[in-house]
Amino acid sequence: VLNGLRLKLPVDVWGENLFHSSFGIATTLMLYAFAAPGSLEAVSFARKAAMCGGLAAIIVTGLTDILPSKVVHALYDAQNIAFIISRSFQIRTNYVRGGTGQLSVITRAALFVGNLIRIFTTIVKKGGAPMVFGHGSSAVVNGPILAQCLWCTRHSTFPPSLLCGS
């Protein structure tokens, strides 16, 4: 979102990410706000304040020219790499466990198709190579998870060679 704002890209290139980011932040803050004693180790006020302060600092830093554009682009790329790694672990974990647990086929299909649509939109709106890479890599790693979910709706476990097995 901050990268899109700094590059003065159209809202339809980064607007959806604003919604997702806001939702994720709000969910995290609600987890902290409503943590029952013993869960989340009854998060202290100091930790909640530090999280809110950190988020505010990230937003202010991203919207101003405090960080050079190269650093903002590097952070965006690092986020994409972290996402690819985390989804790769998820694909492998699904395979090792023999199923996808409670993952929804509908949600995974929406993620995958949404990534494909965002690739097209970003190219048409000239959102830049980093954003196309981000949406493309998301599609590449969400595709196998969708395939695993579809497989598991018809079968109880994965065959030995499906997606990441030996």
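*Asks:* Would you explain the overall build of the protein in this entry?
*Replies:* Along its length, the protein carries six helices and zero strands. The helix and strand sequence of the protein, counted from the amino end, reads α-α-α-α-α-α. Here the protein, with 166 residues, has 27% of them falling under the buried criterion. Restricting to contacts in the protein with at least 6 residues of sequence separation, those with at least 24 account for 65%. Here the protein displays about 10,400 Å² of accessible surface, and carbon together with sulfur accounts for 71% of that area.

*Asks:* I'm lost on the packing of helix α5 (residues 105-124) against helix α6 (residues 129-154) in this one. Help?
*Replies:* For any two helices packed against each other, one specifies the inter-axial angle together with the distance between the axes. Their axes nearest at 8 Å, the elements α5 and α6 cross at an angle of 155°. Comparing their axes, α6 and α5 come out roughly antiparallel. Once α5 is placed against α6, the crossing between them reads as left-handed. Counted by class, the contact of α5 with α6 contains 14 nonpolar, eight polar and two charged residues.

*Asks:* Where do I start with the confidence of the model for the protein in this structure?
*Replies:* Regions with low pLDDT carry predicted coordinates that are not meant to be interpreted in detail. Considering every residue of the protein, the mean pLDDT works out to 79; 86% of them sit at 70 or more. Across the protein, α5 holds the top mean pLDDT of 89, while helix α1 (residues 2-6) sits lowest at 71. Residue range residues 162-166 is modelled with pLDDT below 50. Its contacts to residues more than four positions away, or to other chains, number 14 contacts.

*Asks:* Just checking my understanding: could you explain α5 for this structure?
*Replies:* Since the α-helix packs 3.6 residues into each turn, any two residues three or four apart lie on the same face. If you check α5, its first and last C-alpha atoms are 29 Å apart, about what 20 residues at 1.5 Å a residue would give, namely 28 Å. The set of residues buried in α5 consists of Arg108, Gly114, Asn115, Arg118, Ile119 and Thr122. Down the axis, α5 shows its buried residues gathered within 145° of arc, on one side only. Facing away from the buried surface of α5 by more than 90 degrees, the exposed residues are Ile106, Ala110 and Phe120. Two or three places before isoleucine 106, at the opening of α5, serine 104 has a side-chain oxygen 3.2 Å from that residue's backbone nitrogen. Lysine 126 occupies a position one or two residues after α5 and carries a positive phi of about 60°.

*Asks:* How do you make sense of the packing of helix α4 (residues 69-97) against α6 when you look at a structure like this?
*Replies:* One can describe the packing of α4 onto α6 by two numbers: an axis separation of 10 Å at closest approach and a directional angle of 5°. It follows that α4 is roughly parallel to α6 by the angle criterion. Seen from α4, the contacting residues are Tyr76, Asp77, Asn80, Phe83, Ile84, Arg87, Gln90, Ile91, Asn94 and Tyr95; seen from α6, they are Pro130, Met131, Phe133, Gly134, Ser137, Ser138, Val141, Asn142, Pro144, Ile145 and Gln148. When the residues that make up the contact of α4 with α6 are grouped by side-chain class, the tally is 11 nonpolar, eight polar and two charged.

Thresholds applied
- Residues numbered from 1 in each chain as written.
- Predicted model: local features only at pLDDT ≥ 70, side-chain atom pairs only at ≥ 80, totals over all residues.
- Heavy atoms only, no water.
- Helix = DSSP H or I, 4+ residues; strand = E, 2+ residues; numbered from the N terminus.
- Buried < 20%, exposed > 50% of the residue type's maximum accessible area, 1.4 Å probe, protein only.
- Contact = heavy atoms within 4.5 Å.
- Areas by Shrake-Rupley, 256 points an atom, 1.4 Å probe, with all protein chains shown as cover.
- Axes fitted to C-alpha atoms, helices over the stretch in contact; angles between N-to-C directions.
- Parallel < 35°, antiparallel > 145°, perpendicular 65-115°, else oblique.
- Left-handed = near helix turned anticlockwise from the far one by under 90°.
- Nonpolar A, V, L, I, M, F, W, Y, C, P; charged D, E, K, R; others polar.
- pLDDT = per-residue confidence, 0-100.
- Expected span 1.5 Å × (residues − 1).
- Arc of directions from axis to C-beta.
- Polar contact = N/O pair within 3.5 Å; in protein donor to acceptor, adjacent residues only side chain to side chain.

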